[in-house]
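Next come the chains, spelled out residue by residue.
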Amino acid sequence: MRRTPFWAILILAPVLFSCHPGEAQSEGPTAIRPAFLNGDTASAMAVMDSMTLRERVSQLMMVPLYSKPGEPESKIGVRQAIEKWGIGGVIAMQGDTLTTRRNLNELDSVSSSVTGLDLLTAMDAEWGAGMRLPDGIAFPKAMAMGATENEALVQRAGLAAGQELRRLGIDIDFAPVADVNSNPANPVIGNRSFGSRPEMVGALASAWADGLRQAGVMSVGKHFPGHGDADLDSHLALPVISSNLQTLYAVELPPFQTLIQRGVDGMMTAHLDVPALDSTTGLPTSLSPLVIQDLLLDSLGFEGLVFTDALTMAGAADPVPPGTREVAALRAGNDVLLFPSDPSLVLDSIEAALVRGTLDTSRINEACLKVLLAKQWAKSEPTPLSETDLRGLQEEIRGHMLVRLGTGRTLEPGIKTALVVVGNRGAAAERRLRLTFPDLKVIRKGKGSIGKEDRTRIAAGIADCPQVVLAFVDESNRPARNFGLPEGANAVLSALSQGDHRLYVSLFTSPYALAFLDPAPSREWLVAHHEDPLTQEAAMAALCGEGAALGKLPVDVGVWNAGQGSPTAAVRLPRSHPSPPMV
């Protein structure tokens, strides 16, 4: 039995939205229509009319393609799926840029020869192709970008990421993540979210989508209706979101509404159990007509492509058997089946549902037409773009994402200074700090708990240093690992706070690590988000007053509030040295 009839949601929505001005309103600017829908509809319909029903269904499936060098099995399997069933799309997974581009070009030619249609190609590239391809562009993750609070900067990053995706042969980026990470214990979203403030998440997600569109790549907001308050990973189980309607409309839904208003091309539906929206036992939101058709399409007015999240994930696969879940996904209002179970079984199941009348042919035609229009748009020539100064953009982002907490005072040149590194990395931080402090004393403690002997050794080593930089360099997005902080982290803070030291604590990991550290007011804090060499260099430059740290906290954590920070600009000329390659 369904707990909330949709007529109740429609009645409540204006009241719920109006209770939260500035976030999402029931009435507002007219939404920008997704650009791909403005194509040649008559031509697309003519193509669809020439296809059999089974061929139309095949266009709605998107299968994975792995492009690891020397491992052609996945490409061979996808080729066979195109030749045998006319599969319409692929999602590029792990590999390298050269092999990925080569495989996509080859498979696109196969599709054109066999079906007369190009492939629709996608990638999970939330922070650039580097998310899947080690030699691809990787920008800081969304939470670090959220700390910038800078739409123009995020849009430029989305543009640069989109330019590379376009060169690889990718039509669609399964990004941006529009989930509001309101639950610090979220095991699967975390730093993939722009933050915990709905209005900022919506603005920055839309900026990334705008950049992609400028590069000629379609954007897909995810994971509707909001995965940010989950305490389980939907890859492994079906998470329950217990929020009431008021919370959903105040927190989870506003970023998706902002994306819709600004013309996002697609939406990805999440495998969640949200009783306030649909309490049908065991039915994920990704398969719910109440959530997809009634809420996303009818109430919020989204017209673009609707993608399921991977249908092999436990959140969908455990409660609903193969074949059945693909039929349910289409009936709910999804257009594209991502990671379908066996294509032959899916085709047979959908055809049987059409015969039984449990699935309508018009639903297949509606989805197929959108896919054909997307292919038409994706293959058009984009506006010529100038090359991005990638290194300069990466450095600018670091200056805007670093978050100072405390007074924001900088290290004083000419004073004996120590660097205490906790973790197995940190060479770039040491190298940059030595430019300002040539006699820098460095004490290292690798990964693992910090015991009494470690604390004694570290405290003795910094005894004659009035300035101490303590760097936790173990990046983690996992709440179960205290976001990379080792056991004994607070104890070493206390040990280093004894005596007349000025202590600067640098976190090269998630801002959620702050919740596990004593926020003593005598300490200076720097949240760097990531441990890559470029970020280490930028963080040490900021502590020396030779670089900017303009960011604000993107999330609520411990005693700290989202939006809090002590932005500092460079006050001294920057020092430089030949930088190593970014890794």
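These numbers were taken from a predicted model, which means no experiment stands behind them.

Novice: Got a minute to help me understand the overall build of the protein in this structure?
Specialist: In terms of regular secondary structure, the protein is built from 20 helices and 14 strands. A globule of 583 residues ought to have a C-alpha radius of gyration of about 25 Å, and the protein, at 25 Å, matches this closely. Along the three orthogonal principal directions, the C-alpha set of the protein runs to about 80 × 50 × 45 Å. Taking all 583 residues of the protein together, the buried fraction comes to 60%. Long-range contacts, defined here as pairs at least 24 residues apart, represent 78% of the contacts in the protein between residues at least 6 apart. Within the structure as shown, the protein displays about 21,300 Å² of accessible surface, and the carbon and sulfur contribution to it stands at 53%. Charged side chains of the protein number 51 positive and 64 negative; the gap between the two group centres comes to 6 Å.

Novice: I tried to follow the sheet that holds strand E9 (residues 403-405) on my own but got confused; where do I start?
Specialist: Judged by pairing direction, the sheet is mixed, and its six strands sit side by side in the order E9-E14-E13-E12-E10-E11 without closing on themselves. Pairing within the sheet leaves two strands with one partner each, and these edge strands are E9 and strand E11 (441-445). In this sheet, adjacent strand axes meet at a mean angle of 15° when their direction is disregarded. Packing against the sheet, helix H17 (residues 427-436) makes contact with strand E10 (417-422), E11 and strand E12 (467-472), and its axis sits at approximately 170° to E11.

Novice: Looking at this structure, how should I read the pairing of E10?
Specialist: On a regular strand, one side chain projects to one face of the sheet and the next to the other, so that they alternate. Counting buried residues in E10 gives six out of six residues, a clear majority hidden from the surface. Judged by which residues are buried, E10 turns out to be covered on both faces: Thr-417, Leu-419 and Val-421 on one side and Ala-418, Val-420 and Val-422 on the other are all buried. Bridge count between E10 and E12: six bridges; the pairing is parallel. Along E12, the bridge assignment pairs Val-421 with Ala-471. As defined by bridge partners, E10 adjoins E11 across five bridges and the pair is classed as parallel. Looking at the pairing, Val-422 lines up with Lys-445 of E11. Crossover handedness for the path E10 to H17 to E11: right-handed.

Novice: When you look at the environment of Ala-316 in this model, what are you seeing that I'm missing?
Specialist: Note that Ala-316 resides in helix H12 (residues 314-317). For the pair Ala-316 and His-235, spaced 81 residues apart in the sequence, the C-alpha separation amounts to 8.7 Å. If we skip the residues at most four places from it in the chain, Ala-316 touches His-271, Pro-284, Leu-311 and Arg-325.

Novice: What exactly am I supposed to notice about the packing of aromatic side chains here?
Specialist: Aromatic ring pairs are reported here in terms of the distance separating the ring centres and the angle at which the planes meet. Counted by the stated rule, this structure contains four aromatic pairs. Judged by centre distance (5.3 Å) and plane angle (85°), the rings of Phe-224 and Phe-256 are edge-to-face. Here Phe-224 is found in strand E5 (residues 218-224), whereas its partner Phe-256 is found in helix H10 (residues 254-261), with 32 residues between them in sequence. Comparing Phe-224 with Phe-256, the two get one shared label, buried. On the basis of an interplanar angle of 45° and a centroid distance of 6.2 Å, the ring pair of Phe-483 and Phe-516 is categorised as tilted. You can see Phe-483 sitting in the loop between E12 and helix H19 (489-497) and its partner Phe-516 sitting in the loop between strand E13 (502-507) and strand E14 (524-527), a full 33 residues away along the chain.

Novice: I keep staring at helix H20 (residues 533-543) and nothing clicks. Help me out?
Specialist: Because each turn of an α-helix spans 3.6 residues, side chains separated by three or four positions in sequence point in the same direction. For H20, the tally of buried residues reaches eleven of eleven residues, placing the bulk of the element in the interior. Turning to H20, its buried residues number three or more, namely Pro-533, Leu-534, Thr-535, Gln-536, Glu-537, Ala-538, Ala-539, Met-540, Ala-541, Ala-542 and Leu-543. Tucked into the core, H20 has its buried residues touching helix H16 (390-401), E9, H17, E12, E13 and E14. One or two steps after H20, the chain reaches Gly-545, where phi turns positive at roughly 75°.

Novice: What am I meant to see in the environment of Thr-121 here?
Specialist: As for its position among the elements, Thr-121 is in strand E3 (residues 120-123). Relative accessible area serves as the criterion here: at 2%, Thr-121 is assigned to the buried category. A C-alpha to C-alpha distance of 9.2 Å links Thr-121 and Ala-378, two positions 257 residues apart in sequence. A polar atom in the side chain of Thr-121 sits 3.0 Å from the backbone nitrogen of Asp-171.

Novice: What's the story with the packing of H16 against H20 in this structure? I'm lost.
Specialist: Any two packed helices are characterised by the angle at which their axes cross and by the distance between the axes. Where H16 meets H20, the axes come as close as 10 Å, and the angle between the chain directions of the two elements is 50°. Considering the angle they form, H16 stands oblique to H20. Remark: the crossing between H16 and H20 carries right-handed chirality. Two secondary-structure elements touch here, H16 through Arg-391, Gln-394, Glu-395, Arg-398 and Met-401 and H20 through Leu-534, Thr-535, Glu-537 and Ala-538. Looking at the contact of H16 with H20, its residues break down into three nonpolar, two polar and four charged.

Novice: Any chance you could explain the pattern of salt bridges here in plain terms?
Specialist: Throughout the structure, instances matching the rule amount to 35 salt bridges. The salt bridge involving Glu-395 is made with Arg-391; its shortest N-O contact spans 3.1 Å. Of this pair, Glu-395 and Arg-391 both sit in helix H16, separated by four residues, roughly a single helical turn. Residue classification places Glu-395 among the partly exposed positions, given a relative accessible area of 41%. Judged by its relative accessible area of 26%, Arg-391 is partly exposed. For Glu-412, the salt bridge goes to Arg-502, with nearest N and O atoms at 3.5 Å. Of this pair, Glu-412 sits in the loop between E9 and E10 while Arg-502 sits in strand E13; the two residues are 90 residues apart in sequence, bridging distant segments of the chain. Accessibility expressed as a relative area gives 40% for Glu-412, which makes it partly exposed. Ionic contacts of the salt-bridge type, sharing partners, join the residues Asp-124, Glu-126, Arg-132, Arg-192 and Lys-222 into one network.

Each value, and the rule that gives it
- Residues numbered from 1 in each chain as written.
- Predicted model: local features only at pLDDT ≥ 70, side-chain atom pairs only at ≥ 80, totals over all residues.
- Heavy atoms only, no water.
- Helix = DSSP H or I, 4+ residues; strand = E, 2+ residues; numbered from the N terminus.
- Rg over C-alpha atoms; globule rule 2.2 N^0.38 Å.
- Buried < 20%, exposed > 50% of the residue type's maximum accessible area, 1.4 Å probe, protein only.
- Contact = heavy atoms within 4.5 Å.
- Areas by Shrake-Rupley, 256 points an atom, 1.4 Å probe, with all protein chains shown as cover.
- Lys, Arg positive; Asp, Glu negative; His and termini not counted.
- Charge placed at Lys NZ, Arg CZ, Asp CG, Glu CD.
- Pairing = 2+ DSSP bridges.
- Axes fitted to C-alpha atoms, helices over the stretch in contact; angles between N-to-C directions.
- Right-handed = clockwise from strand over helix to strand, strands pointing away.
- Phe/Tyr/Trp six-rings, centres within 6.5 Å; stacked < 30°, edge-to-face > 60°.
- Polar contact = N/O pair within 3.5 Å; in protein donor to acceptor, adjacent residues only side chain to side chain.
- Parallel < 35°, antiparallel > 145°, perpendicular 65-115°, else oblique.
- Left-handed = near helix turned anticlockwise from the far one by under 90°.
- Nonpolar A, V, L, I, M, F, W, Y, C, P; charged D, E, K, R; others polar.
- Salt bridge = Lys/Arg side-chain N within 4 Å of Asp/Glu carboxyl O.

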